[in-house]
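Secondary and tertiary structure notes
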Amino acid sequence: MDERKKRIFSGIQPSGELTLGSYMGAIRNWVALQEEYDGLYCIVDEHAITVRQDPALLRRRSVAQLAQYIACGLDPEKNIMFIQSHVPQHAELAWILGCYTQFGELSRMTQFKAKSAQHADNITAGLFTYPVLMAADILLYQADLVPVGEDQRQHVELTRDIAQRFNGLYSNTFTLPEAFIPKMGARIMSLDDPGAKMSKSAPEGCVNLMDPPEVILKKFKRAVTDCETAVKFDKANKPGVSNLLTIYCAATGKTIEAAEAEFAGQGYGVFKSAVGEAVVELLRPIREEAERIMGDKAYLESVYQAGAERARYLANKTLSKVQRKIGFVAR
Ligand code: TRP
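All of these numbers come straight from a predicted model, not from anything done at the bench.

**Remarks on the site of the ligand**
Neighbouring residues of the ligand: F9, G11, Q13, V44, H47, Y130, M134, D137, I138, V146, V148 and Q152. Between the ligand and Q152, the relevant distance is 2.9 Å, taken from a nitrogen atom to a side-chain nitrogen or oxygen of the residue. Expressed as a share of its isolated accessible area of 370 Å², the protein-covered part of the ligand is 89%. For the shell around the ligand, the secondary structure elements donating two or more residues are strand 1 (7-12) and helix 7 (125-140). When residues of the shell around the ligand are assigned to their parent elements, the largest contribution, four residues, is made by helix 7. When its residues are assigned to classes, the shell around the ligand shows seven nonpolar, four polar and one charged.

Dropping the structure here:
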């Protein structure tokens, strides 16, 4: 990798489908950034098993997620794309870092509190130490930037604290990463509840990248609007219509003003169909490409194997340094 470029590390949970919201709000930006930064995109199957997974589904989703990212335009030649469990250094460094993390620090993680309430019958040690594995993911590659949603900011802060502590004890070893929340991404809200973010946990109001056209059109036809008739951008008073305008403009590249003019006097039915059609056309090539890639097992395998090899090389540099500094005997 080019040493002068900044490094981005992103961990992707192989749970469920990618959504229109994550495409417009995040993935699209990473594609735009791939010339400027070195990217590492890691399918975090080891994080996924902190809650119970169906084995066949986990395997399928890990590979499908990779195919979908490539279909969105992330180039496996320009980025390192790999599966976490293929790089054993993640688990090894996580063990070590766990010995430099306080029980109290992990107890304060709000995601742990939320998830342990949600899975009250299965609160595992893995769920508790999840942020340490995440710190290992990031620190192994000396990542500068970590694109995450607001819910992961606390984990990135903890990663910085662990890195700083280790650097203080053993001299400079880890780059201190920063949470990176790109400004340019559109914030897409749920179609049936424009007060909430579009999310796969509320499937009714959520469009998936792999949804076929008729499903997408149906979801937009049902989208919540208001009891007026004007297609106007007004977030406070017309959140549903404003969200649809945002989606329409993100899909077509038009400005809000142009879109408002286009639908002046047309009523919501026509407007909602047009937004649905625009999204269908935006997603069609992505879905088709993802399906094509999913059918090409040999290609996919070559991508994740080559990715893991490059990742292991980089990860090993950091891990060996850490092992030497803390007093492990050289292999
Ligand atoms: N915890 C992240 C999430 O749930 C996924 C993740 C794992 C991650 N390791 C990471 C994100 C490293 C960024 C960097 O979304």
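Now that the structure has been shown, the text picks up again.
**What about the pattern of salt bridges?**
Scanning all chains against the criterion turns up 13 salt bridges. Taking the shortest distance from any N to any O, the salt bridge between E150 and R153 comes out at 2.9 Å. Residues E262 and K254 are paired through a salt bridge, measuring 3.0 Å at the closest nitrogen-oxygen approach. Put simply, E35, D75 and K78 are held in one network by salt bridges that share partners.

**Looking at the domain arrangement of the protein**
Parsing the protein into structural domains produces domain 1 (7-186 + 297-326) and domain 2 (211-291). Centre-to-centre separation of domain 1 and domain 2, based on C-alpha positions: 33 Å. A combined buried area of about 760 Å² lies between domain 1 and domain 2, and 83% of that area is made up of carbon and sulfur atoms. Our count for the domain 1 to domain 2 interface comes out at zero salt bridges. At the surface where domain 1 touches domain 2, the tally comes to one residue pair in polar contact (both at pLDDT 80 or more). When residues of the side of domain 1 that touches domain 2 are traced back to their parent elements, those giving at least two are helix 1 (20-33) and helix 3 (55-71). Here the residues of the side of domain 1 that touches domain 2 sort into seven nonpolar, one polar and one charged.

**So, the side chain of Q142**
For Q142, the position within the fold is in the loop between helix 7 and strand 4 (145-147). If sequence neighbours within four positions are ignored, Q142 has contacts with R7, T173, F174, T175 and T318.

**Quick word on the packing of aromatic side chains**
Counted under the stated rule, the structure contains 13 aromatic pairs. On the numbers, 5.0 Å between centres and 45° between planes, the contact of F103 with F128 is tilted. Of the two residues, F103 is situated in helix 5 (residues 103-107) and F128 in helix 7; the sequence distance between them amounts to 25 residues. For F128, a relative accessible area of 14% gives the class buried. Taken together, a centroid distance of 5.2 Å and an interplanar angle of 75° make the contact between Y248 and F263 edge-to-face.

**Quick notes on the side chain of S10**
Mapped onto the elements of the fold, S10 is located in strand 1. Of the residues examined, S10 reaches a relative accessible area of 2% and is grouped as buried. In contact with S10, not counting residues within four places along its chain, are W30, L40, Y41, C42 and P147.

**Describing helix 3**
The periodicity of an α-helix, 3.6 residues per turn, causes residues three or four places apart in sequence to face the same way. If you check helix 3, its first and last C-alpha atoms are 24 Å apart, about what 17 residues at 1.5 Å a residue would give, namely 24 Å. For helix 3, the complete set of buried residues consists of L58, S62, V63, A64, Q65, L66, A67, Q68, Y69, I70 and A71. Immediately downstream of helix 3, the backbone of G73 shows phi near 115°, a positive value.

**Details of unusual backbone geometry**
With a phi angle near 55°, Q142 is a residue other than glycine that sits in the positive phi range. Look at Q142 and you get buried, because its relative accessible area is 18%. In this structure, S171 is a non-glycine residue whose phi angle is positive, near 75°. Positionally, S171 belongs in the loop between helix 8 (153-170) and strand 5 (178-180).

**A look at the packing of helix 12 (residues 267-295) against helix 13 (residues 297-326)**
It is the contact of helix 12 with helix 13, at a shortest axis distance of 5 Å, that shows an interaxial angle of 90°. With respect to helix 13, the axis of helix 12 lies roughly perpendicular. Only K297, Y299 and L300 of helix 13 make contact with helix 12, whose side of the interface consists of I293, M294 and G295. Residue classes in the contact of helix 12 with helix 13 are distributed as four nonpolar, one polar and one charged.

What counts as what
Residues numbered from 1 in each chain as written. Predicted model: local features only at pLDDT ≥ 70, side-chain atom pairs only at ≥ 80, totals over all residues. Heavy atoms only, no water. Near = heavy atom within 4 Å. Polar contact = N/O pair within 3.5 Å; in protein donor to acceptor, adjacent residues only side chain to side chain. Areas by Shrake-Rupley, 256 points an atom, 1.4 Å probe, with all protein chains shown as cover. Helix = DSSP H or I, 4+ residues; strand = E, 2+ residues; numbered from the N terminus. Nonpolar A, V, L, I, M, F, W, Y, C, P; charged D, E, K, R; others polar. Salt bridge = Lys/Arg side-chain N within 4 Å of Asp/Glu carboxyl O. Domains from an automatic or database assignment. Buried area = accessible area lost by both parts, 1.4 Å probe. Contact = heavy atoms within 4.5 Å. Phe/Tyr/Trp six-rings, centres within 6.5 Å; stacked < 30°, edge-to-face > 60°. Buried < 20%, exposed > 50% of the residue type's maximum accessible area, 1.4 Å probe, protein only. Expected span 1.5 Å × (residues − 1). Axes fitted to C-alpha atoms, helices over the stretch in contact; angles between N-to-C directions. Parallel < 35°, antiparallel > 145°, perpendicular 65-115°, else oblique.

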